[in-house]
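Coordinates in review
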Amino acid sequence: MDVTHPDLYGYIAEFKSPTELVSAATKAREAGYRRMEAHSPFPVEGLAEAIGFRKNRIPAIVFTAGLLGGLGGFTMQYFASVIDYPLNIGGKPLNSWPAFIPVTFECTILAAAFAAVFGMLFLNGLPMPYHPVFSVEKFVRASHDRFFLFIRWDDDQFHEQETRSFLEGFSPESLSEVRP
Amino acid sequence: MASENDLTGRSGVEELPIIGPGHTYATVSDKLTAVVLLDRIRKSWVLGLAISFAFVMLFLMSVTVLFLKGTGIWGLNVPVMWGFAIVNFVWWIGIGHAGTLISAILLLLRQEWRTSINRFAEAMTLFAVACAGMFPILHLGRPWVFYWLMPYPNTMALWPQFRSPLVFDVFAVSTYATVSLLFWYVGLLPDLANLRDRAKNKFAQVIYGAMSMGWRGSARHWARYQTSYLLLAGLATPLVVSVHTIVSYDFAVSVVPGWHTTVFPPYFVAGAIFSGFAMVLTLAIPLRAVYDLKDFITDRHLENMAKVMLATGLIVAYGYLMEDFIAWYGENEYEFFMMLGPGRPFGPYWLFYWGLIACNIVIPQLLWFRFARRNVIVLWLISIVVNVGMWLERFIIVVTSLSQDFVPANWQQYTPTFWDWSLYLGTIGVFFCLLFLFIRVLPAIAISEMQELAYEVDHRKSLGNDGHGKGDSSHA
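Parameters at a glance
Residues numbered from 1 in each chain as written. Chains lettered and ligands numbered in written order. Predicted model: local features only at pLDDT ≥ 70, side-chain atom pairs only at ≥ 80, totals over all residues. Heavy atoms only, no water. Helix = DSSP H or I, 4+ residues; strand = E, 2+ residues; numbered from the N terminus. Rg over C-alpha atoms; globule rule 2.2 N^0.38 Å. Buried < 20%, exposed > 50% of the residue type's maximum accessible area, 1.4 Å probe, protein only. Contact = heavy atoms within 4.5 Å. Areas by Shrake-Rupley, 256 points an atom, 1.4 Å probe, with all protein chains shown as cover. Lys, Arg positive; Asp, Glu negative; His and termini not counted. Charge placed at Lys NZ, Arg CZ, Asp CG, Glu CD. Buried area = accessible area lost by both parts, 1.4 Å probe. Salt bridge = Lys/Arg side-chain N within 4 Å of Asp/Glu carboxyl O. pLDDT = per-residue confidence, 0-100. Axes fitted to C-alpha atoms, helices over the stretch in contact; angles between N-to-C directions. Parallel < 35°, antiparallel > 145°, perpendicular 65-115°, else oblique. Left-handed = near helix turned anticlockwise from the far one by under 90°. Nonpolar A, V, L, I, M, F, W, Y, C, P; charged D, E, K, R; others polar. Patch = residues over 30% accessible without salt bridge, like charges linked within 9 Å, V, L, I, M, F, W, Y side chains within 5 Å. Pairing = 2+ DSSP bridges. Phe/Tyr/Trp six-rings, centres within 6.5 Å; stacked < 30°, edge-to-face > 60°. Lys NZ or Arg CZ within 6 Å of the ring centre and 35° of its normal. Core = buried A, V, L, I, M, F, W, Y, C linked by side-chain atoms within 4.5 Å.

This brings us to the overall build of chain A. Counting secondary structure elements, chain A contains five helices and four strands. Counted from the first residue to the last, chain A has its helices and strands arranged as β-α-β-α-α-α-β-α-β. Relative to the globule expectation of 16 Å for 180 residues, the C-alpha radius of gyration of chain A, 25 Å, shows a markedly less compact shape. Dimensions of chain A, computed from C-alpha atoms along their principal axes, come out at roughly 80 × 35 × 30 Å. The buried share among the 180 residues of chain A stands at 48%. Counting only contacts in chain A whose residues sit at least 6 apart along the sequence, the fraction spanning at least 24 positions is 78%. Of the roughly 8,900 Å² of accessible surface on chain A, 59% is carried by carbon and sulfur atoms. Separation between the mean location of the 15 positive side-chain charges and that of the 20 negative ones in chain A comes to 4 Å.

Contact with chain A, which involves 65 residues of that partner, is made by 53 residues of chain B. Contact with chain B buries surface across chain A, with P43, E106 and H144 of chain A losing the most and accounting together for 13% of the total. Between chain A and chain B we count one salt bridge in total. With a closest N to O distance of 2.9 Å, E37 of chain A and R220 of chain B form a salt bridge.

All right, on to the confidence of the model for chain B then. Residue and element names in this part refer to chain B. Looking at chain B, pLDDT values average 84 and 92% of them are 70 or higher. Within chain B, helix α12 (residues 350–362) carries the highest mean pLDDT (92), whereas helix α17 (residues 470–474) carries the lowest (37). Counting interchain partners and residues more than four positions distant, the pLDDT-below-50 stretch residues 1–14 has 10 contacts. Note on the complex model: pTM 0.86, ipTM 0.88.

Residue and element names in this part refer to chain B. Running from amino to carboxyl end, helix α8 (residues 219–252) crosses helix α9 (residues 264–290) at an angle of 125°, the nearest separation of the two axes being 8 Å. Considering the angle they form, α8 stands oblique to α9. α8 and α9 meet at a crossing whose hand is right-handed. Note on element contacts: α9 touches α8 through F264, P265, F268, V269 and A272, opposite V241, H244, T245, V247, S248, Y249, F251 and A252. Per-class residue counts for the contact of α8 with α9 are 10 nonpolar, three polar and no charged.

Attention now goes to a nonpolar patch on the surface. There is a patch of nonpolar side chains on the surface, built from Y85, L87 and I89 of chain A together with I137, L140, F146, Y147, W148, M150, M156 and L158 of chain B and spanning about 940 Å² of accessible area. Turning to its location among the elements, L158 of chain B is positioned in the loop between α5 (115–139) and α6 (165–198). Residue L158 of chain B is classed as partly exposed on the basis of its relative accessible area, which comes to 36%.

So, on to the sheet that holds strand β4 (residues 174–178) of chain A. Residues and elements named next belong to chain A. Reading across the sheet, the four strands line up as β2-β3-β1-β4 and stay open at both edges, with antiparallel pairing between neighbours. Each having just a single partner strand, β2 (36–39) and β4 make up the two edges of the open sheet. Averaged over all neighbouring strand pairs, the angle between strand axes comes to 20°, with direction disregarded. Across five bridges, the pairing between strand β1 (residues 10–15) and β4 is antiparallel. Counterpart to I12 in the pairing with β4 is S176. Packed on one face of the sheet, helix α1 (residues 18–30) meets β1, β2 and β3 (147–152) and runs near 20° to β3.

Here the focus is the packing of helix α3 (residues 58–84) of chain A against α8 of chain B. A pair of packed helices is characterised by two quantities: the angle between their axes and the separation of those axes. Two elements in contact, α3 of chain A and α8 of chain B, have axes whose closest approach is 9 Å; the angle formed by their N-to-C orientations is 35°. Both α3 of chain A and α8 of chain B take part in a crossing whose hand is right-handed. Packed against α3 of chain A, whose contacting residues are I58, P59 and V62 of chain A, the element α8 of chain B presents R224, T227, S228, L231 and L235 of chain B at the interface. Considering only residue class, the contact of α3 of chain A with α8 of chain B consists of five nonpolar, two polar and one charged.

A separate point is unusual backbone geometry. A cis geometry characterises the amide bond from L126 of chain A onward to P127 of chain A, with omega recorded as -5°. Its place among the elements puts P127 of chain A in the loop between α4 (97–123) and β3. Its identity is not glycine, yet M213 of chain B carries a phi of approximately 60°, on the positive side. Relative to the elements of secondary structure, M213 of chain B occurs in the loop between α7 (202–212) and α8. Under the relative-accessibility criterion, M213 of chain B is labelled buried at 19%.

Time to look at the packing of aromatic side chains. Any two aromatic rings considered together are summarised by their centre-to-centre distance and by the angle between their planes. All names here are of chain B. On inspection of all chains with the given rule, the structure shows 49 aromatic pairs over all chains. Ring geometry for F346 against W354: centres 6.2 Å apart, planes inclined by 50°, an arrangement best described as tilted. By relative accessible area, which is 58% here, F346 ends up exposed. An aromatic cluster is built from F84, W91, W92, Y349, F352, W391, F395, Y414, W421, Y424, F431 and F432, whose rings are joined through pairwise contacts. Positioned over the ring face of F268 is R394, at 5.8 Å from the centre of the ring.

Moving on: the pairing of β2 of chain A. Residue and element names in this part refer to chain A. Burial along β2 is two-sided: M36 and A38 facing one way and E37 and H39 facing the other are all buried. Of the strand pairs in this sheet, β2 and β3 are connected by four bridges, and their pairing is antiparallel. Across the sheet, the residue bridging to E37 is F150, located in β3.

Let us now look at the environment of V430 of chain B. All names here are of chain B. Secondary-structure assignment places V430 in helix α15 (residues 418–441). Sequence separation between V430 and A130 is 300 residues, and the spatial gap between their C-alpha atoms is 9.2 Å. Once residues lying within four places of it in the same chain are set aside, the contact partners of V430 are V56, F59, C131 and M134.

Counting 166 residues, the largest nonpolar core has W92, F120, F251, M309, F431 and F438 of chain B as its most contacted members. It is helix α4 (residues 84–108) of chain B that provides the largest number of residues to this core, a total of 17 residues. Among all residues touching F431 of chain B, those that are not within four sequence positions of it are W92, M124, F127, A128, C131, M279 and L283 of chain B. Counting 30 residues, the second-largest nonpolar core is a separate cluster that includes F42, V44 and F53 of chain A together with Y25 of chain B.

Here is the structure:
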């Protein structure tokens, strides 16, 4: 692995159908490649698993944020109505928790929804205005009708010649070098 | 009948195609991006935008006059202190609900037919909620201090009253607007990337590029995206129910005859979905005709929406029936007066009341018949009738109960003034103006989801040829 070698970011192979891409990705993983990306215009079933994506932390993040949001919402109401500004209205209890449920609920949902969106963007490393794959001319079709397998230069297995011929073995539509 | 049986699926329900024949993921993307990128500006679009923009001007004028003179320009009086502003608030927020229902609940229920209508239904939600939100704020009398309703540490050391449904409303509506916006934007991300890649002109490339945040359809991105989208749908589903439930608390928590009813939360939610689907149909039928999207918004979509409208309409009818039944069975003379006496059906607003019964209960029964569900003109007219009916319902609930409450000496009639009407028509202009702009600059149909659907339908067909029915169950 040549960490100081940013000239060549890797190879990207273009496929015509999702099935070809999934099988190529599976084989690449079997061959020991770990640092690869697969690009498709729409989510393809089993593709993330094929390139070795296992740990999806979104649910945990959303759950935690929802919990905190709910607790925060209730605490805010408790603080306002019991501690900071207690008002006796018709002898009703200061901590009238049933009346606090709607606001608590809304705070839960709001915090969880923010976490779902910003957690997803953060983990995906977005926004990222430029990425080396955008330099590949054919890559514009990745959002249209083509499916790409990208093996990165920092993979332990990566070798300029061998990786190239390995990808050519799948007889892709095209094979391009990814340069910065 | 024989030909009909051929179309009958395993479930025994006749199935029209969900997407036009011969579409692959490439043609779907081509066709849908072309609506935004290649289409020349159409005369009908310009005309529609111009007309709705004229109403936006009317809106601005009525708001200006309102700010200068105060709420006295409206037909409000004592005891009718809630007039058009609250009627329109409840009406608009109800219209928004179908968007969330289509995009969230039907997603969770894996109803594939939602795919081609969810994007613009969500846009409709956003714009309707924006229109809805303006009314309570303008109704405040001093709208520029609306933020006093928010809990923030202020120099007056005051907090909002968290036991009040009006404060629940602030939280519910603002959360609903925010979550709808997030949901809509997340759904747009892949399509914005598609537009960025297809756009020819520099300006469009930069704008779509910035909005798509560098999305490149990586499998890891998609995995997190799908989880987050599903979770958002799961969060939006109870949210949408909570919003109209809370709106109904504005009424149900009081003791005013005609409002103090436990059936309000479910029946408000059903009414919201009823009017929302009516609005989706009102918009979808012209949209698919003008932009030639019959392959994507098929007759099956229209028919399914008609069925949802019929079902929710019946729930609403049940709500009316229960109000009347409890008024009679509960032997509360004020309730009886309002529900069955000179309050609503036989009082000064009888025309509105019976109009509401006709629009919401009687006319939608046509949807039992297949010809009404399949004939777009009839369906379109019914959807407009339902929109009017739901507006009348809100008018009846708000105005009749206030104008004749417990003490006859207080009774006053409510007559909307020019400024009431102008503000209402003005927000309709705002709504349509935003919609016209939306269909011009963003894909009105979710491209990546349609591609996925086209691929799956294709895939299933090829599986179906080899082994009968196998493809169907694997995606169920």
